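A closer look at the structure
Here is what each chain is made of, one letter per residue.
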Amino acid sequence: MLIVDTPDRLEYQFFPVNNFAYTFKIKASNDAHLALTAQPGVSFPMYEVFIGGWRNTKSVIRQNCKKPDVVEVLTPGILNGNEYRGFWIQWCNNTISVGREGEAAAFMIFHDAHMFPIQYVGICTGWGASGSWKFEGEHINQLMKKHGVSKMMLYQAHGSNPAAMALANPATTHNTFPSDTSSKILVPGSSGTVIINHVTIQNNCNLS
């Protein structure tokens, strides 16, 4: 599991995605924002997913930074600044779906006959809220690349640390290691500190 902190600043941090689904947990009092793009930056076409906006009262899907929003639903209290809440986003068959962890039914759905290939996801928080994001599976490697940390750097720095060994050795990517003090790695990043508590590499595409 990897944790990335985002400040109270509406500036997306982008990294690539290689499938049609994205899972994460977020701890924030309001305004968890995600951007879905074809380029590693704010560019058009683009979809934005705002969870817990407007003082944590509603969530929306926005297209190309334009209003009105293409989807808007009331979601009072959907985020919490003191605990992580899990969500998933899926894009396939010209449809973007957004749902809560543990729920198969989406609470936001947008159909677009001209959907573009989504290659990058950006994350940020703002409007008075900072955030802490948890990622699992392939997001570990993608976010390590984003913060300029190599597998070998982790292995050399932490030796027999099981988390570092898993990241350095692809043969162990189906193993789960305990989350304890010995498997905690702190990696200083350009936008905050990345914390790898333990490693669970798995396929996040199956949301059923």
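Anything mentioned here points back to the structure above.
These notes cover the structure that comes with them. Values in this document were obtained by computation on a predicted structure and should not be read as measured data.

1. Focus: the overall build of the protein chain
Helix and strand counts for the protein chain come out as four helices and 14 strands. For the protein chain, the proportion of its 208 residues judged to be buried stands at 49%. When contacts within the protein chain are restricted to residue pairs at least 6 apart in sequence, those whose partners lie at least 24 apart make up 61%. With the model as given, the accessible surface of the protein chain reaches about 10,000 Å², and the carbon-plus-sulfur share is 52%.

2. Topic: the packing of aromatic side chains
In the structure shown here, the tally under the stated rule is eleven aromatic pairs. A connected cluster of aromatic rings, assembled from ring pairs, spans Phe-15, Tyr-22, Phe-24, Phe-87, Phe-107, Trp-133 and Phe-135. The cationic tip of Lys-58 hangs over the ring face of Trp-54; the distance from NZ or CZ to the ring centre is 4.5 Å. In this structure, Lys-134 is placed above the aromatic ring of Tyr-84, and the distance from its NZ or CZ to the ring centre is 4.2 Å.

The rules behind the values
- Residues numbered from 1 in each chain as written.
- Predicted model: local features only at pLDDT ≥ 70, side-chain atom pairs only at ≥ 80, totals over all residues.
- Heavy atoms only, no water.
- Helix = DSSP H or I, 4+ residues; strand = E, 2+ residues; numbered from the N terminus.
- Buried < 20%, exposed > 50% of the residue type's maximum accessible area, 1.4 Å probe, protein only.
- Contact = heavy atoms within 4.5 Å.
- Areas by Shrake-Rupley, 256 points an atom, 1.4 Å probe, with all protein chains shown as cover.
- Phe/Tyr/Trp six-rings, centres within 6.5 Å; stacked < 30°, edge-to-face > 60°.
- Lys NZ or Arg CZ within 6 Å of the ring centre and 35° of its normal.

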